[in-house]
Every structure is written in structure tokens, then in C-alpha cells.
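Below, each chain spelled out in residue letters.
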Amino acid sequence: MEQKAHIVEISVNEEATKLHQSQPAVQRFQQWLVENNVRISPKIRYPVCFGQEGYTGVLAVEAIEPNEAIIAIPNHVLITVSRAQTSELAEIIIKNPDAFEEHYDKEFNTLVLFIIFEKMKEEKSFWHIYFDIVGQIYTLSDWSDAEIEELDSPAILKDLEEIRKENHDLWLRMKMIMDENPNLFPPEKVSYEIFRWASAFVMTRSFGWGLPGSLISPLADLLNHNNDGCTNFLISIKGEQSYIPDYRRKKDKLDLTILPEFNKRTKENELSYDVVTRYLIKNKEKLRKPMSDEEIRALFKEEKQQLVKEINAKLIDTPGKQVWTLNYFLSSDSEDNDTEEEEEEGEEEEEEKKEDNLKETNRNGKLEQKDESTVIDQQKIFQVDDDDYKDEIVKQEFSSSFGKGVTTVSLSTIQSPKEYFDTMGPIERQQLREISTTAKNTNKNTTDEEEDDEKFPWYNTLDDQIYFLVATHADQKVEKNQQLFYFYGSRTNKYLLSWYGFCYSNTVSYTHLTLPT
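As the structure is a computational prediction, the values presented were derived from the model and not from experiment.

K.L.:
It is not clear to me how the packing of helix α9 (residues 154-179) against helix α19 (residues 493-500) should be interpreted in this structure. Could you clarify?
P.N.:
If you want to describe how two helices pack, look at the angle between their axes and the distance between the axes. Across the interface, α9 lies against α19 with an axial gap of 9 Å and an inter-helix angle of 35 degrees. The handedness of the crossing between α9 and α19 comes out as right-handed. Where α9 abuts α19, its residues Ala 155, Ile 156, Asp 159, Ile 163 and Glu 166 lie against Lys 494, Leu 497, Ser 498 and Trp 499. A per-class count over the contact of α9 with α19 returns five nonpolar, one polar and three charged.

K.L.:
I tried to follow α9 on my own but got confused; where do I start?
P.N.:
An α-helix turns once every 3.6 residues. As a result, residues three or four positions apart point the same way. The end-to-end C-alpha distance of α9, which contains 26 residues, comes to 37 Å, matching closely the 38 Å that a straight helix rising 1.5 Å per residue would cover. Within the sequence span of α9, burial applies to Ile 156, Asp 159, Leu 160, Ile 163, Asn 167, Leu 170, Trp 171, Met 174, Ile 177 and Met 178. Those residues of α9 that are buried are in contact with α4 (90-95), α5 (97-100), α6 (106-121), α8 (145-151), α10 (192-205) and α19.

K.L.:
Is there a simple way to think about the nonpolar core in this case?
P.N.:
Note that soluble globular proteins tend to have their nonpolar side chains buried in a common cluster. By size, the foremost hydrophobic cluster in this structure holds 93 residues, and its most contacted members are Tyr 130, Phe 185, Phe 201, Phe 468 and Leu 484. The element contributing the most residues to this core is α6, with nine residues. Every residue in contact with Leu 484, bar those within four places of it in the chain, is listed here: Ile 44, Val 58, Leu 59, Ala 60, Ile 64, Ile 70, Leu 223, Asn 224, Cys 230 and Val 478. Tyr 279, Met 291, Ile 296 and Leu 307 belong to the second-largest nonpolar core, a separate cluster that totals 12 residues.

K.L.:
Please clarify how unusual backbone geometry should be interpreted in this entry.
P.N.:
The general pattern is negative phi for most residues beyond glycine and trans for most peptide bonds. Omega for the bond connecting Tyr 46 with Pro 47 falls within 30 degrees of zero, at -5 degrees, which places this linkage in the cis form. By the secondary structure assignment, Pro 47 is in strand β3 (residues 44-50). Of note in the backbone geometry, Asn 37 takes a positive phi value of approximately 60 degrees without being a glycine. Mapped onto the secondary structure, Asn 37 falls in the loop between α2 (24-35) and β2 (39-40). Although it is not a glycine, Asn 481 sits at a positive phi angle of roughly 70 degrees. Its place among the elements puts Asn 481 in the loop between β14 (466-471) and β15 (483-486).

About the criteria used
Residues numbered from 1 in each chain as written. Predicted model: local features only at pLDDT ≥ 70, side-chain atom pairs only at ≥ 80, totals over all residues. Heavy atoms only, no water. Axes fitted to C-alpha atoms, helices over the stretch in contact; angles between N-to-C directions. Helix = DSSP H or I, 4+ residues; strand = E, 2+ residues; numbered from the N terminus. Left-handed = near helix turned anticlockwise from the far one by under 90°. Contact = heavy atoms within 4.5 Å. Nonpolar A, V, L, I, M, F, W, Y, C, P; charged D, E, K, R; others polar. Expected span 1.5 Å × (residues − 1). Buried < 20%, exposed > 50% of the residue type's maximum accessible area, 1.4 Å probe, protein only. Core = buried A, V, L, I, M, F, W, Y, C linked by side-chain atoms within 4.5 Å.

Written out as C-alpha cells, the structure is:
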């Protein structure tokens, strides 16, 4: 058996592609992806065959920009450790902690058992169509002794001996578990061959870095590997649209238009608060991420609201300022409209006048108002503790159009945070505390670069508003007609060949192996 360890950048094999795409198993898989709401960018094409051997991969049919999502796999399609732990195998996993809880490779073992279980179900398995297109999997363990000797590498031979021993030990343990549970693992289906396939399947196709645990993502795992390939993210639609503790928003740095939630340009979004837009453009130098006027105008309403909060937070941080003297952005429900252009222009002028009336301050640090009729309600949410009133404003602005059901405060009534808080009833105070707690954490989602590892208490196996994304990285632009690759990690070619059966051909900082042809 001839093994091919190199994956190189070579041309599309159109004949092999046409033949491959005509296979019933491939067509069923493509339909399965559509039925399960897997999102695929129109800029890519799969499957495509490359080179003389006709190995399959993914092709860019249009240029793809850096930080652009190209594949989104919904949560229910993923094969995860947590899914296995809550499946019919839950009792087995609990009763065998030596293999699935205390073992150093417990996640790998859990996925292997779950894959065996699902594979034995055949057509009753949700993933059987996916399994059918994977076919035979080859790793270094499948090489003949003669082929391995040609490598002339004692280090690789030592690694291979270790891998084979671990596989043998795991097979004995898995067989014992399966034999003890014939109701879930029919004895006639238990074999070393199915174990070996499942083990190689998990070894070569699982993702783990930057995730709540090891998982397998159908379609995403079909990208070939390269040291300048794409990366992956786990996103929550809810977390992108509202605050979730410990969740880091991705839409600030990723193009998520592959998802319908971020590809809607409704009339409301197009109009999207003209006053808000003007405010953002005027204060864009205070934004954490530089943006042009055109980029600001193109944002969704919710995105503009988030940037308003970011700017207001910067205003609060201005040294030597009393918080109630600052010029906040003011808004009301009347700004969210879909009137004709002439009416909008008139309202814009009116809003500008109202804004100007609130910008004049006296030397004592208190807001002056030229005319009582021009007073606009504005919210200032204060950070307060149960046992102490603090004259510290929370770095967040909520207005009637941004936060529904929140009590508004007239500027003319505000003397100090404490005085305002004293006028509130118990329900209002509790509401204020809850909003304050949320506000204090709002910016946590925008400081990814300052954190080491993302935490995932928000991840739920049953939440189908969670997606596994494949995206280009920040320095990666893929040109039209190039193959897309996935970056598996900073591994040496020795490690990749020993554990996964391939190595990089265009290596720079990796140990490069010249394999026999």
C-alpha cells in the first residue's frame, strides 16, 4: 500500500471532481448538510478533487478576506464529549472512571466509545450519512514495516511503538466495556476493525484548541491541513446579540455574514437611528476599533447601540470630570422611524437643536437648560451596593430606545447619584442593581486580546443557537482558485506524521521530513 504523506498546493482535478460529486454517498451528505442548516459560504466549493491522486478538499471560487467565516456548523451536528456524556452511554461512562474520568486521555476515550456506538447503529445513527463519506482512514499505524523502515527514523519508530501500544491497551479496555453491555454493543458487531476505525477517526478529525472540549465537526474536518490554514471559533448567537457572562463576542473581529442573523438588512437596520449614526461618526476617535464613516453607516442598529455604550464608557473615564456634567448621546423612541427622507431631515435638524441645548454647562459643573420645553429624558445608571450608595456611574448608557422598561430620569431632577437613588422605590432600586451588574460586564466581550483562554460556562449541548465556525485568520487572504486549508497547530512534521499520518510540505519553522516516494 503506497502512502501519501505530503499535501501540496496543486491544481484542481476536474475529471476526478465530477466523478466524486456524482457518488450517491457524497450527494446524500451534501443534502444532509442543507437539511441540518449547515451554513457554507458561496465563496467556497466542496467537494473538489486535487492533483493526480484526486484527493478531496475545499476550493475558493472567490477571494476570501482575512477574518471571514466560511463554514458554520450548528451545535446539534457536532459530536462532542458532553453529548456522549448525556447519551445512552452516560451510565457506562460514570461506572468506568478509570477510562473516562481519571484517564489522561479521557476525552479521546469518550469520543472513541461514542463513535463505535453510533457506527454500530448504522442507518439509525443521526451521523450515518457523515460516516459513509469518511471511508477508510490511514495513519502511520497502517504502514507496513517495510514502508516505515524506509523513513530511516528511530524517533518516528519509537513514537509508532508507543502509539500501537496505547491503541492495543485501549482496545482491550473498550472490548471489556462493550462485552459488559451487549444491549448497547451487539456482540456480533464488536471487532478490532470497528475500534481501529473509530480510534483513527477521532485521532485525525477531532478539534480541541480554544473549545470547551474535544469535538468532531462534520464538513469542517474535511479541510486538508496546512501551516497557513484557517482557524476555528465557537460562537453563540445569543452571546453576539446580548450579554452572556464569560462569552467573548466574535462579531467585532469576524465577518459573520455567513449566518442569517448577521446578514439581514431590514428597513429598520438600514435607517438605524440617523441621530445615533451622526453621534458615532462625530465621536469615532473614541472607538476601540478604528472605523470609517461608511463602515459606521453600514452597521446594524444593535451594533450601533453597542458602540454608543463604548463611547460613553470612554467619556466616563475622562480624568477630572464629574459624571453628571458629561455630554452623553441622547435618544428616544421617536428616532427609530421609517418616514420619508424629507421628514427624516427635518427630524435630524430638530434633534441637533435638542442636542445643542444640552451641551452647555456652567462653571459649577451642572447642566444648564435654555428652555424647560427642550428637556429630554435621559438615563444615567449608577453603580450602587446594598449597604452603600456610591457616587460612581456605571460605564453604560441606557435610554428608552436602548433598554426597554427602564425608568428614565429628567436631567433637571438630578443633583447627585445618591439623591436620585434615594427617590427610587424598592422595585426600581432592584432593577437598577440588575442593570448595573450587566453594564459593568458589558465590555468584557470586547477585550479578547487581553485574556489568555476563553471560558465556556455558557456552552450547552442542547443550545442550537451555538455554531462551530471555520474562518480565515487575521493575516490570511485566500485568492480565487486556491485550496483552503485548516491550521492544525504548531506541531512538528515528526509529530504530525506519527499521530495523524501526514506532514506539511511548505514548512518554515517545522522539522521537515523528506519521505520516500
